[in-house]
Amino acid sequence: MGQRLGQHFLVRTSILDRIARAACEEREPLVVEIGPGRGALTAYLVERAERVVAVELDHILAAGLRLKFAHTPQFELVEGDVLATDLRQWGRAVVVGNLPYYITSPILERALALGPLLKRAVFLMQKEVAQRLAAAPGSRDYGYLSVRTQAQADVRLLFSVPPRAFQPPPKVDSAVVLLTIRERPLVEDMSAFVKFAAACFHQKRKNLRNNLAAVYGEMGDFAEARLRAEQLSLDQLVELWRRLRELIGGRAIGT
Ligand code: SAM
């Protein structure tokens, strides 16, 4: 069960403290924790927040959490799958978690989909994925995940965490990432832009004309047609998206 649910428990107290401080620099009204496990990080979060709602799937761990925090009024447990939980229901929140790595991407997607309801997110994840989130154009790690995340949030790689900080140790290095939602959205229709970005990077080695034609049909000529998406910065992709939307008038790309 443990390995299947990505259960690697953080045991290094200095790291737990740093994660909690990054999430709650000041006292926070609401923190949503994903995958509290045995409550190691939770114990630091309840010290720094008025309310901590923790979503845990494993019912044995959930029972342990109920006992551990029975006398902690700030603590609330939701026993269930985070991917089936409506994260909007508590309102604007800081979202934190030492993530179960097998569902890092869908958790990220759900957190970002919160839009302005996400105050900030602090996630411990595979270092390789963290580097992709933060990557700039021209780097090996730059791709859809970088564009999708940076379109909505400022991404900061805070620090690395070695396998020995966990029990049992995972096979990969990990890193803590801070996502701060942009106050003013970069695009007027985020879900349309996200679909466009996914199409642009659909086949990494194909150029933009090929990747976009497969989804949207013929769109006339545009200067970047022979480039690959990875050669364009986020701002350039946004600019291209706007131009193509106008070009095909009404039949908006990504909608
Ligand atoms: N936060 C704890 C810590 O730092 O020691 C545990 C982190 S462990 C990497 C991931 C946790 O997520 C486990 O407790 C696991 O049971 C839980 N989990 C796995 N899949 C989940 C899901 N779909 N929904 C909610 N929790 C899940």
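The rules behind the values
- Throughout this description, residue numbers start from 1 for each chain and increase along the sequence as written.
- In keeping with the predicted nature of the model, local features appear solely for residues at pLDDT of at least 70, side-chain atom pairs appear and are counted solely at 80 or more, and the whole-chain, interface and lining totals rest on all residues.
- Calculated side-chain values reflect all of the structure's heavy atoms, with hydrogen atoms and water omitted.
- Any residue with a non-hydrogen atom lying within 4 Å of a molecule or strand is treated as near it.
- For the purposes of these results, a polar contact is taken to be a pair of N or O atoms within 3.5 Å, where, inside protein, one atom must be able to donate a hydrogen and its partner to accept one; residues adjacent in sequence count only when each atom of the pair is a side-chain atom.
- Note on areas: Shrake-Rupley with a 1.4 Å probe; residue coverage comes only from the protein chains shown.
- Throughout the structure description, domain borders are defined by an automatic or database domain assignment.
- Computed with a 1.4 Å rolling probe, the buried area is the accessible surface lost when two parts are put together, summed over both parts.
- By definition here, a salt bridge exists when the distance from a side-chain nitrogen of Lys or Arg to a carboxyl oxygen of Asp or Glu is within 4 Å.
- Strand pairing is assigned whenever DSSP identifies at least 2 bridges connecting the two strands.
- Each helix is a run of DSSP H or I of at least 4 residues and each strand a run of E of at least 2, with the numbering of both proceeding from the N terminus.
- Between N-to-C directions, angles span 0 to 180 degrees; the directions come from axes that are lines fitted to C-alpha atoms, helices contributing only their stretch in contact.
- The buried label goes to any residue with under 20% of its type's maximum accessible area, the exposed label to any with over 50%, and the partly exposed label to all in between, with areas taken from a 1.4 Å probe on protein chains only.
- The arc in question is traced by the directions running from the helix axis to the C-beta atoms.
- Whether two residues are in contact is decided by their heavy atoms: any pair within 4.5 Å suffices.
- Within this scheme, the nonpolar core is defined by two criteria: the residues are buried Ala, Val, Leu, Ile, Met, Phe, Trp, Tyr or Cys, and they are joined through side-chain atoms within 4.5 Å.

**Q** Would you explain the site of the ligand in this entry?
**A** Taken together, 23 residues lie near the ligand, and Gln7, Gly35, Glu56, Asp81 and Asn98 sit nearest. With respect to the ligand, the backbone of Gly37 contributes an N or O atom lying 3.4 Å from an oxygen atom. Glu56 places a polar side-chain atom, nitrogen or oxygen, 2.6 Å from an oxygen atom of the ligand. Compared with its free state, where it exposes 600 Å², the ligand has 99% of that area covered by protein.

**Q** What is the right way to look at the domain arrangement of the protein in this model?
**A** Buried accessible area, meaning the area lost when the parts come together, often serves as the stated size of an interface. When its domains are assigned, the protein resolves into domain 1 (9–181) and domain 2 (190–247). The straight-line distance from the C-alpha centre of domain 1 to that of domain 2 is 31 Å. With both chains or domains summed, domain 1 and domain 2 bury close to 930 Å², and 74% of this area falls on carbon and sulfur atoms. Broken down residue by residue, the surface that domain 1 buries against domain 2 is led by Tyr142, Tyr144 and Val147, which jointly contribute 55%. Remark: the boundary between domain 1 and domain 2 carries zero salt bridges. Summed over the shared surface of domain 1 and domain 2, the result is three residue pairs in polar contact (both at pLDDT 80 or more).

**Q** When you look at the sheet that holds strand 5 (residues 93–98) in this model, what are you seeing that I'm missing?
**A** Consider a sheet: its strands pair through backbone hydrogen bonds, and that pairing is either parallel or antiparallel. The strand order across the open sheet formed by seven strands is 4-3-2-5-6-9-7, and the pairing between neighbours is mixed. Whereas interior strands pair on both sides, the edge strands pair on one side only; in this sheet they are strand 4 (75–79) and strand 7 (153–161). For this sheet the average axis-to-axis angle between neighbouring strands, irrespective of direction, equals 20 degrees. Relative to strand 4, strand 3 (residues 52–56) is paired through five bridges, and the arrangement is parallel. Within strand 4, the position partnered with Val55 by the bridge is Val78.

**Q** Would you mind going over helix 3 (residues 59–68) with me for this structure?
**A** Every α-helix carries 3.6 residues per turn, so stepping three or four residues along brings you back to the same face. Among all positions in helix 3, only Leu61, Ala62 and Leu65 are buried. In an axial view of helix 3, the angular spread of the buried residues amounts to 105 degrees, which keeps them on one side of the axis. Counted as exposed and oriented over 90 degrees from the buried face of helix 3: Ile60 and Leu67. Looking at the buried residues of helix 3, the elements they touch are strand 1 (9–10), strand 3 and strand 4.

**Q** How should the nonpolar core be read in this particular structure?
**A** Across soluble globular proteins, you tend to see nonpolar side chains buried next to one another. Among the nonpolar cores identified, the biggest contains 31 residues, and Phe123, Met125, Leu133 and Leu179 are the most heavily contacted of them. Elements supplying a minimum of two residues to this core: strand 2 (31–34), strand 3, strand 5, helix 4 (104–113), strand 6 (118–126), helix 5 (127–134), strand 7 and strand 9 (174–181). In contact with Leu179, not counting residues within four places along its chain, are Leu108, Leu112, Arg120, Ala121, Leu133, Thr149, Ala153, Asp154 and Val155. Core analysis: the second largest hydrophobic core is formed by 29 residues, Val31, Leu45, Val96 and Tyr101 among them.

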